[in-house]
Amino acid sequence: MKKVVLGVTGGIAAYKAAELARLFVRSGAGVHVVMTPAATEFIAPLTFQTLTGNPVYINMYAHRREEKIQHIDLLKDTDVVVIAPASANTIAKMAQGLADNLLTTLYLAACCPVVVVPSMNVDMYKHRAVQDNLQKLSEHGCQVMDPEAGELACGVYGRGRMPEPADIFAFISEALRPKDFTGLKTLVSAGPTREPLDPVRFLSNPSTGLMGYALARALKERGAEVVLISGRTHLQAPSGIKKIDVTTTEEMFDAVMDYSRDCRLIIKAAAVSDYRPLNVSEHKIKKNSAMATIELVKNRDILFELGKNKGDRILVGFAAETEDVYDNAQQKLTRKNLDLIIVNNLKEPGAGFAVPTNRVSLIDRSGEVEDLPLMEKAELAHHILDRITRML
Ligand code: CTP
């Protein structure tokens, strides 16, 4: 988002719009706030002016310069118009196409996505008139974000409360994503596998599943059907995703083979144990001797097996390396018959396991290397998908 028009209407939740404006500014967007006259009763325009560094627009004619038509000029190059909080009154006017103030006039001229965040008393929100108007706004193409249930400013409990600014920000980011994976069947594996030694011990690695879950979420946001095969993690699966829980590499192998059959895209972000103990003790192993040896057998390589019968599927793997990073990754890509490999150097700060960021390079079959800067895994997931869209 480069330019956001934030419409603020008259409701107690207007104070939360200040935090929302700040989130947009922090994300790098230019924010232009348009307030209805009623909104100025709840929060001072100066608050928004200070947070955004831009003048605040209220009156149709106040900022009018000879050569500009204000509501049209404000919309130029705007990525999204967000109306938060949207009062019952403004919603009604928008639904009817009334243009009696700057915000409602601007809405009629908006060709970009419009997100409406209603906020009001529970009985007002439930009223047939409001529900009909919101339905109309959806039919106009607006994205309406449901209010939350909770204690309302009027003291009653119910649905009507404006969601937290961070949630609104996430909703808008999702609403603006291109739906370029719509209908595509995809599978993502994530997290560590565990290989038991006895009932209380296992071999594993420090993967938390963050990268795989971020990819699953990003695919879902962009319209894909997603199956997430997950090792043990503490993460919540994004809604709308089919999640299959596994523990060992063999379980992951079976689940991936089962669910990948009709998938067009398979991303293996899981950190898979290459070996498992030859014998798993039925009882807890006792420390009877000074030394102990564990005999290990090799697990099957899931990606390698998928690569053998690749067909027209797109196979994407990960490689976490500590030396000869590009060479090792390139060899894995060739050996496993992959289309893309995402490699990170575990020795770099902020890259790899159990951190919210990663610094990776993408290498494709032609050997083209794309070095990406350090970034949040959620953002990286979208970069990876951008790259994959070029292969689809
Ligand atoms: N992988 C897999 N099945 C395995 C081992 C790895 O599907 N048994 C996948 C991982 O999910 C990852 C890619 O292969 O996408 C590379 O994993 P990595 O552990 O880096 O590579 P290995 O092939 O195991 O090679 P090594 O451990 O020797 O570096």
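The model shown is predicted, which means the values in this text are computed figures rather than measured ones.

J.: Help me understand the packing of helix α4 (residues 88-96) against helix α7 (residues 128-140) in this model?
T.: Two quantities define a packed helix pair, namely the angle between the helix axes and the distance between the axes. Two numbers describe how α4 lies on α7: the axes approach to 9 Å, and their chain directions differ by 50°. Considering their axes alone, α4 and α7 lie oblique with respect to each other. Viewed along their axes, α4 and α7 form a crossing whose handedness is left-handed. Contacts from Ala 88, Ile 91, Ala 92, Met 94, Ala 95 and Gln 96 of α4 reach α7 at Val 130, Asn 133, Leu 134, Lys 136, Leu 137 and His 140.

J.: Would you mind going over the environment of Glu 250 with me for this structure?
T.: Tracing the sequence through the fold places Glu 250 in helix α10 (residues 249-260). Classification of Glu 250 as partly exposed rests on a relative accessible area of 25%. For the pair formed by Glu 250 and Val 130, sequence separation is 120 residues and the distance between their alpha carbons is 54 Å. Among all residues touching Glu 250, those that are not within four sequence positions of it are Arg 276, Asn 299 and Arg 300.

J.: Looking at this structure, I do not really get the pattern of salt bridges. What am I missing?
T.: Pairs can form between side chains of opposite charge whenever their charged atoms are close. The final tally for this structure, using the stated rule, is 21 salt bridges. Residues Glu 250 and Arg 300 are paired through a salt bridge, measuring 2.8 Å at the closest nitrogen-oxygen approach. Taken together, the positions of Glu 250 in helix α10 and Arg 300 in the loop between β15 (296-298) and α11 (302-308) put the pair 50 residues apart, joining distant regions of the chain. One network of salt bridges, with partners in common, ties together Asp 180, Arg 222 and Asp 386.

J.: Would you mind going over the sheet that holds strand β12 (residues 242-245) with me for this structure?
T.: Backbone hydrogen bonds hold the strands of a sheet together, and the pairing may be parallel or antiparallel. An order of β12-β11-β8-β13-β16-β17-β19-β20 is seen for the 8 strands of this open sheet, with the pairing classed as mixed. A strand with exactly one partner marks an edge of an open sheet, and here the two such strands are β12 and β20 (369-371). Strand after strand, the sheet turns through a mean of 15° between neighbouring axes, direction not considered. Against the sheet, helix α13 (residues 377-389) makes contact with β13 (265-268), β16 (314-321), β17 (340-345), β19 (360-364) and β20, and its axis sits at roughly 15° relative to β19, the strand it touches most.

J.: Mind showing me how you'd approach the domain arrangement of the protein here?
T.: Where the parts come together, the accessible area they lose is often given as the size of the interface. Under the domain assignment, the protein is made up of domain 1 (3-176) and domain 2 (185-391). The gap between the C-alpha centroids of domain 1 and domain 2 is 41 Å.

J.: Would you mind going over the environment of Ile 229 with me for this structure?
T.: One can find Ile 229 in strand β11 (residues 225-230). Residues Ile 229 and Asp 312 lie 83 residues apart in sequence; the distance between their C-alpha atoms is 21 Å. Not counting chain neighbours up to four residues away, the residues in contact with Ile 229 comprise Leu 187, Val 188, Ser 189, Ala 190, Ile 244, Val 246, Met 252, Ala 255, Val 256 and Tyr 259.

J.: Looking at this model, I keep getting lost on the site of the ligand. Mind explaining?
T.: Within the structure, the ligand sits among 15 residues, and Lys 268, Ala 270, Phe 318, Lys 332 and Lys 336 are positioned closest to it. Between the ligand and the protein, one listed contact pairs a nitrogen atom with a backbone N or O atom of Ile 302 at 2.9 Å. Within the complex, 78% of the 570 Å² of free accessible area of the ligand lies under protein. Its residues assigned to classes, the shell around the ligand shows 7 nonpolar, 1 polar and 7 charged.

The rules behind these values
Residues numbered from 1 in each chain as written. Predicted model: local features only at pLDDT ≥ 70, side-chain atom pairs only at ≥ 80, totals over all residues. Heavy atoms only, no water. Axes fitted to C-alpha atoms, helices over the stretch in contact; angles between N-to-C directions. Helix = DSSP H or I, 4+ residues; strand = E, 2+ residues; numbered from the N terminus. Parallel < 35°, antiparallel > 145°, perpendicular 65-115°, else oblique. Left-handed = near helix turned anticlockwise from the far one by under 90°. Contact = heavy atoms within 4.5 Å. Buried < 20%, exposed > 50% of the residue type's maximum accessible area, 1.4 Å probe, protein only. Salt bridge = Lys/Arg side-chain N within 4 Å of Asp/Glu carboxyl O. Pairing = 2+ DSSP bridges. Domains from an automatic or database assignment. Near = heavy atom within 4 Å. Polar contact = N/O pair within 3.5 Å; in protein donor to acceptor, adjacent residues only side chain to side chain. Areas by Shrake-Rupley, 256 points an atom, 1.4 Å probe, with all protein chains shown as cover. Nonpolar A, V, L, I, M, F, W, Y, C, P; charged D, E, K, R; others polar.

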